[in-house]
Amino acid sequence: MDGVEHFKINLRSGFFKVKPYSVTVSLEDITFTPLDEAEDKNRIKIPCSKVERIVIFGRAPVELEIKTVDETFVGVFQTPYDMANAIELLKSVFKKRFSNGGVM
């Protein structure tokens, strides 16, 4: 893995509720860090071994779905730049568990 290792999304946190997060991806885990420092207690760390699949859906707005053994996380990319970086990063880490749904 080289280059950018993080991107920003607005993560769904309830019905019609979203919160902005920075997503950091390593070979070991995915970490969602709230952009609002007061929300730092809501940091989420997912071991890569628990990720079953990751899909980017190309309809507007472009969504990212991360399905784990226990739950599903859904978010919308904050910028097209974040989406482009995320596609390359997730493809390199998750290989066959990743699908970009025809985006880019």
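Note: the structure precedes this text.
Treat the numbers as computed from the prediction; the structure is a model and nothing was measured.

(A) A look at the overall build of the chain. Regarding its fold elements, the chain presents one helix and eight strands. Reading the chain from its N terminus to its C terminus gives the helix and strand order β-β-β-β-β-β-β-α-β. Taking 2.2 N^0.38 as the reference for a compact globule, 104 residues should give roughly 13 Å; the C-alpha atoms of the chain span a radius of gyration of 13 Å, in line with that estimate. The dimensions of the chain, computed from C-alpha atoms along their principal axes, are 35 × 30 × 30 Å. Within the chain, residue pairs in contact and separated by at least 24 positions form 37% of the contacts whose partners lie at least 6 positions apart. On the chain, roughly 6200 Å² of surface is accessible, and the fraction owed to carbon and sulfur atoms is 53%. The averaged location of the 15 negative side-chain charges in the chain is 5 Å from the averaged location of its 15 positive side-chain charges.

Analysis parameters
- Residues numbered from 1 in each chain as written.
- Predicted model: local features only at pLDDT ≥ 70, side-chain atom pairs only at ≥ 80, totals over all residues.
- Heavy atoms only, no water.
- Helix = DSSP H or I, 4+ residues; strand = E, 2+ residues; numbered from the N terminus.
- Rg over C-alpha atoms; globule rule 2.2 N^0.38 Å.
- Contact = heavy atoms within 4.5 Å.
- Areas by Shrake-Rupley, 256 points an atom, 1.4 Å probe, with all protein chains shown as cover.
- Lys, Arg positive; Asp, Glu negative; His and termini not counted.
- Charge placed at Lys NZ, Arg CZ, Asp CG, Glu CD.

All quantities given are derived from atomic positions and should not be read as evidence of function.
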